[in-house]
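Each chain, letter by letter, is given below.
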Amino acid sequence: MLTLDGCAVRVVDADRVTSVCERMPASEDLADTADVFGLLSDPNRLRLLVALLDGELCVCDLAAVTGQSESGVSHALRLLRAHRVVVARRAGRMAYYRLADPHVRMLLDLALAHTEHTEAMHPERDGGR
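Throughout, a residue's number is its position along its own chain's written sequence, starting from 1. Per-residue local features are limited, in this predicted model, to residues with pLDDT of at least 70; the limit for side-chain atom pairs, both in listing and counting, is 80 or more; totals at the level of whole chains, interfaces and linings are taken over all residues. Only hydrogens and water are set aside; all other atoms, that is, all heavy atoms of the structure, feed into the side-chain values.

Let's talk about the state of the cysteines
Criterion for a disulfide: a pair of cysteine sulfur atoms within 2.5 Å. Counted under the stated rule, the structure contains 0 disulfides. Of all cysteine sulfurs, the one in cysteine 58 lies closest to cysteine 60, which takes part in no disulfide; the gap is 3.1 Å.

Thoughts on the sheet that holds strand S1 (residues 57-58)
With respect to topology, 3 strands assemble into an open sheet ordered S1-S3-S2, the strand pairing being antiparallel. Of all strands in the sheet, those with a lone pairing partner are S1 and strand S2 (86-91), marking the two edges. Note on pairing: DSSP must find at least two bridges between two strands before they are called paired. Numbering goes from the N terminus for both helices and strands, where a helix is a DSSP run of H or I of at least four residues and a strand is a run of E of at least two. For S2 and strand S3 (residues 94-99), the ladder comprises 6 bridges, and the chain directions are antiparallel. Bridging from a neighbouring strand, valine 86 pairs with leucine 99 of S3.

Some points on the pairing of S3
Sheet topology places S1 next to S3; 2 bridges connect them, and they run antiparallel. In the sheet register, cysteine 58 faces S3, and the bridge partner there is tyrosine 96. Counted between consecutive antiparallel strands, the loop separating S2 from S3 contains 2 residues, among which glycine 92 sits at a positive phi close to 70°.

Some remarks on the nonpolar core
Ranked by size, the top nonpolar core spans 22 residues in total, and within it Leu49, Leu62, Leu77, Val85, Val86 and Tyr97 carry the most contacts. Put simply, the parts of the chain that give this core at least two residues each are helix H2 (27-40), helix H3 (43-51), helix H4 (59-66), helix H5 (70-82), S3 and helix H6 (102-117). Top element by residues in this core is H5. It accounts for 4 residues. Those residues in contact with valine 86, other than ones at most four positions away along the chain, are Leu49, Leu52, Leu77, Leu80, Arg81, Tyr97, Arg98, Leu99 and Ala100. Think of a nonpolar core as a cluster: buried Ala, Val, Leu, Ile, Met, Phe, Trp, Tyr and Cys residues, connected wherever their side-chain atoms sit within 4.5 Å. Each residue is assigned to one of three classes by its accessible area relative to the maximum for its type, calculated with a 1.4 Å probe on protein chains only: buried under 20%, partly exposed between the two thresholds, exposed over 50%. The contact definition used throughout considers only heavy atoms, calling two residues in contact when any of these lie within 4.5 Å.

Some details on unusual backbone geometry
A positive phi angle, near 60°, is found at arginine 84, a position not held by glycine. With respect to the secondary-structure elements, arginine 84 resides in the loop between H5 and S2.

Description of a negative patch on the surface
Like-charged residues are merged into a patch within 9 Å and nonpolar side chains (Val, Leu, Ile, Met, Phe, Trp, Tyr) within 5 Å, provided each residue has over 30% relative accessible area and no salt bridge. Surface accessibility follows the Shrake-Rupley procedure with a 1.4 Å probe radius. Residue values consider only the protein chains on display as shielding. Each salt bridge in this description consists of a side-chain nitrogen of Lys or Arg and a carboxyl oxygen of Asp or Glu lying within 4 Å of one another. Residues scored as positive are Lys and Arg, those scored as negative are Asp and Glu, and His as well as the terminal groups of each chain are ignored. Here the site of a charge means atom NZ of a Lys, CZ of an Arg, CG of an Asp or CD of a Glu. On the surface, a cluster of negative charge is made up of Glu28, Asp29, Asp32 and Asp35. Here glutamate 28 lies in helix H2.

Laid out in structure tokens, this is it:
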């Protein structure tokens with residue numbers, strides 16, 4: 001009898017399994033990376049980050065650009081800052097935010113490029129059609 005719901009052997013390509021295991025990041029690093037993707041999964045936070053692709057903006061300008069309240073923007077920026085996705089620069093009572101580093105920009109650029117050249121299927125939005 002043929003079983004289709006599992007592997008008949010534990011390892012098929014031992015060399016490849018070893019190679020993948022050797023380059024696998026530590027569990028804590030994977031959890032941190034998953035947290036960053038979780039932050040990027042919120043459309044309002046993502047909107048803020050896209051707005052920052054053109055350079056730094058203050059909270060009130062980010063609120064105006066994204067259509068969010070200043071308190072909502074501040075809350076989102078606090079989360080993004082805690083995960084080192086954005087950084088702030090103080091100028092008197094004003095705080096100006098920008099993307100933390102080129103890696104964040106690269107993540108956004110790649111994600112946006114991927115979305116622009118593919119047609120995503122959204123069974124969760126389309127009722128499974």
